[in-house]
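# Examining the three-dimensional arrangement
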Amino acid sequence: MASLLNFPVHVGEPELVQPETTTGREFKYLSNIDVQSGLRSHIPVALFYPPPNKALAAQDPVVMIKQALAKVLIHYYPLAGRLRNTTEKGKLVVECSGEGVVFREAYADITMAQLQRSGGGLKPPFPMWDRFLVDDIWGSGLITDSPLVHMQVTRLACGGFVLAYAISHCITDANGAYMFVTALSEFCLNPDQKAPSIPPAWGREILKPRTPPIISYPHPEYNPPHHPTITFTPTDFKRLAQTSIFFSNPHISALQNQLNGLRTSRIHAVASCLWRAWARALLKPNDTTRLLFAVDTRFQCKPSLPKGFYGNAMLFSCAIAKADDVIRKPLQYAVDLVSEAKERVMRDEYRASVLDLIEVNGEGVLCME
């Protein structure tokens with residue numbers, strides 16, 4: 001079993017990596033989407049790299065990534081700052097202080113092949129996560145006045161390495177985190193590069209609420225449930241059992257064939273199937289169930305966000321129904337609800353309404369029903 005795999009890991013002391021050159025000190029605005037309570041956490045990521053070819057074998061991944069990190073932070077300099085509370089309830093800002101991000105180097109006496117063969121292999125939930133990121137603070141609530149990125153590079157016995165990091169969700173969503181690590185890889189490959197291929201853009205001012213605020217839609221994704229079936233804090237969530245479910249192309253095609261064929265998107269088919277399974281396993285027939293899923297509005301809503309925007313642009317779409325309907329009615333019923341919920345979130349006015357709702361009600365608390 002993967003959980004029983006034992007190997008020594010020697011982890012160095014933490015150090016702060018700062019931007020290679022001085023960046024301006026300023027306070028930056030965070031949108032209401034950035035600061036909602038459901039995003040006051042960190043996004044954990046682990047990337048596994050096999051042994052390099054001979055041309056790259058002489059390069060130390062720790063030195064290479066550390067140097068590239070200092071370069072990329074010139075362009076993503078808010079990540080080298082700190083979140084600060086403000087006098088407005090529920091509001092946060094970024095102080096671009098240049099204090100830096102946490103970086104550790106480590107060595108693990110194990111090979112990539114051994115990790116791949118152990119238990120569930122290299123897929124979440126990864127039982128050895130705390131070895132490859134000892135500073136994992138997901139679920140800790142440690143958000144303000146602390147580093148926004150924690151990174152660890154662990155060399156493996158085979159010559160491969162693991163790059164693991166946790167990045168503040170208040171600063172970026174998954175797409176933004178991908179942009180950041182892509183820029184990091186560009187500077188690793190070409191240290192003389194002047195800027196990332198996609199220059200980062202802040203752009204949060206585009207997402208300011210209206211004056212006066214106008215809540216023009218119902219928002220069941222934020223409504224507190226009347227009869228909660230499952231409630232947990234971020235720390236509780238970390239303790240829940242997790243698993244990975246992989247759908248092959250034949251599995252997804254079989255689902256689509258039960259519906260409208262290729263006219264039903266893959267994500268809608270899979271989401272509806274999982275919704276039904278969840279309702280059948282955990283809920284009573286008369287329970288109200290809500291399926292929340294993130295929808296990227298970067299370039300779908302107006303006003304449009306800049307190409308290099310790396311902040312939070314995901315809205316939570318919410319499909320709602322009685323558990324018995326989700327379980328017993330044809331799967332197309334759930335698919336239609338999911339499709340309608342997604343279409344609603346893609347409207348320009350809906351995003352504006354979410355921003356105004358959080359402005360009026362304070363921190364946006366997502367429904368866990």
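Right above here is the structure, for reference.
Everything numeric here is computed off the predicted structure, so don't read it as measured data.

### What about helix H9 (residues 266-282)?
Quick reminder: α-helices carry 3.6 residues per turn. Residues three or four places apart thus point the same way. With 17 residues, H9 should reach 24 Å at 1.5 Å per residue; the first-to-last C-alpha distance of 24 Å fits that figure. Burial in H9 covers these residues: His-268, Ala-269, Val-270, Ala-271, Ser-272, Trp-275, Arg-276 and Ala-279. Turning to H9, the residues buried within the fold contact helix H8 (249-257), strand E10 (288-296), strand E11 (314-322), helix H10 (323-328) and helix H11 (331-345).

### Observations regarding unusual backbone geometry
Cis geometry marks the peptide bond from Thr-211 to Pro-212; its omega dihedral reads -5°. If you trace the backbone, Pro-212 turns up in the loop between helix H6 (174-189) and helix H7 (234-239). That bond from Lys-302 to Pro-303 is cis: its omega, 5°, falls within 30 degrees of zero. At Asp-145, a residue that is not glycine, the phi angle is positive and equals roughly 55°. Its place among the elements puts Asp-145 in the loop between helix H5 (129-132) and strand E8 (149-156).

### Things to note about the nonpolar core
Core analysis: the biggest nonpolar cluster contains 43 residues, and Ile-65, Leu-69, Leu-79, Leu-83, Met-151, Phe-180 and Leu-184 have the highest contact counts within it. Of the residues forming this core, the biggest block, eight residues, is contributed by H6. Leu-291, Val-295, Leu-355 and Ile-358 belong to the second largest nonpolar core, which has 33 residues in total.

### Quick look at the environment of Lys-66
Within the element layout of this structure, Lys-66 appears in helix H3 (residues 61-75). Classification of Lys-66 as partly exposed rests on a relative accessible area of 28%. Sequence spacing of Lys-66 and Val-153 is 87 residues, and the spatial spacing of their C-alpha atoms is 8.9 Å.

### Here we look at the pairing of E8
Extensive coverage of E8 is indicated by the burial of seven of its eight residues. Relative to E8, strand E7 (residues 101-108) is paired through seven bridges, and the arrangement is parallel. In the sheet register, Phe-103 faces E8, and the bridge partner there is Met-151. Alignment of E8 against strand E9 (residues 161-168), held across seven bridges, turns out to be antiparallel. If you follow His-150 over to E9, its bridge partner there is Ala-166.

### A closer look at the packing of aromatic side chains
For the structure shown, the criterion picks out seven aromatic pairs. Residues Phe-48 and Phe-132 carry aromatic rings whose centres are separated by 6.3 Å and whose planes lie at 80° to one another, so their mutual orientation is edge-to-face. With Phe-48 in strand E4 (residues 42-49) and Phe-132 in helix H5, this pair connects stretches of sequence that are 84 residues apart. With a centroid separation of 4.6 Å and 15° between ring planes, the pair formed by Tyr-49 and Phe-161 is classed as stacked. Here the residue Tyr-49 occupies a position in strand E4, and Phe-161 occupies one in strand E9, the gap between them amounting to 112 residues. Here the aromatic residues Tyr-76, Phe-180, Trp-202 and Tyr-310 are joined through ring pairs into a cluster of three or more. Here the guanidinium or amino end of Arg-204 rests over the ring plane of Tyr-310, the centre of that ring lying 5.5 Å away.

Rules of the game
Residues numbered from 1 in each chain as written. Predicted model: local features only at pLDDT ≥ 70, side-chain atom pairs only at ≥ 80, totals over all residues. Heavy atoms only, no water. Helix = DSSP H or I, 4+ residues; strand = E, 2+ residues; numbered from the N terminus. Expected span 1.5 Å × (residues − 1). Buried < 20%, exposed > 50% of the residue type's maximum accessible area, 1.4 Å probe, protein only. Contact = heavy atoms within 4.5 Å. Core = buried A, V, L, I, M, F, W, Y, C linked by side-chain atoms within 4.5 Å. Pairing = 2+ DSSP bridges. Phe/Tyr/Trp six-rings, centres within 6.5 Å; stacked < 30°, edge-to-face > 60°. Lys NZ or Arg CZ within 6 Å of the ring centre and 35° of its normal.

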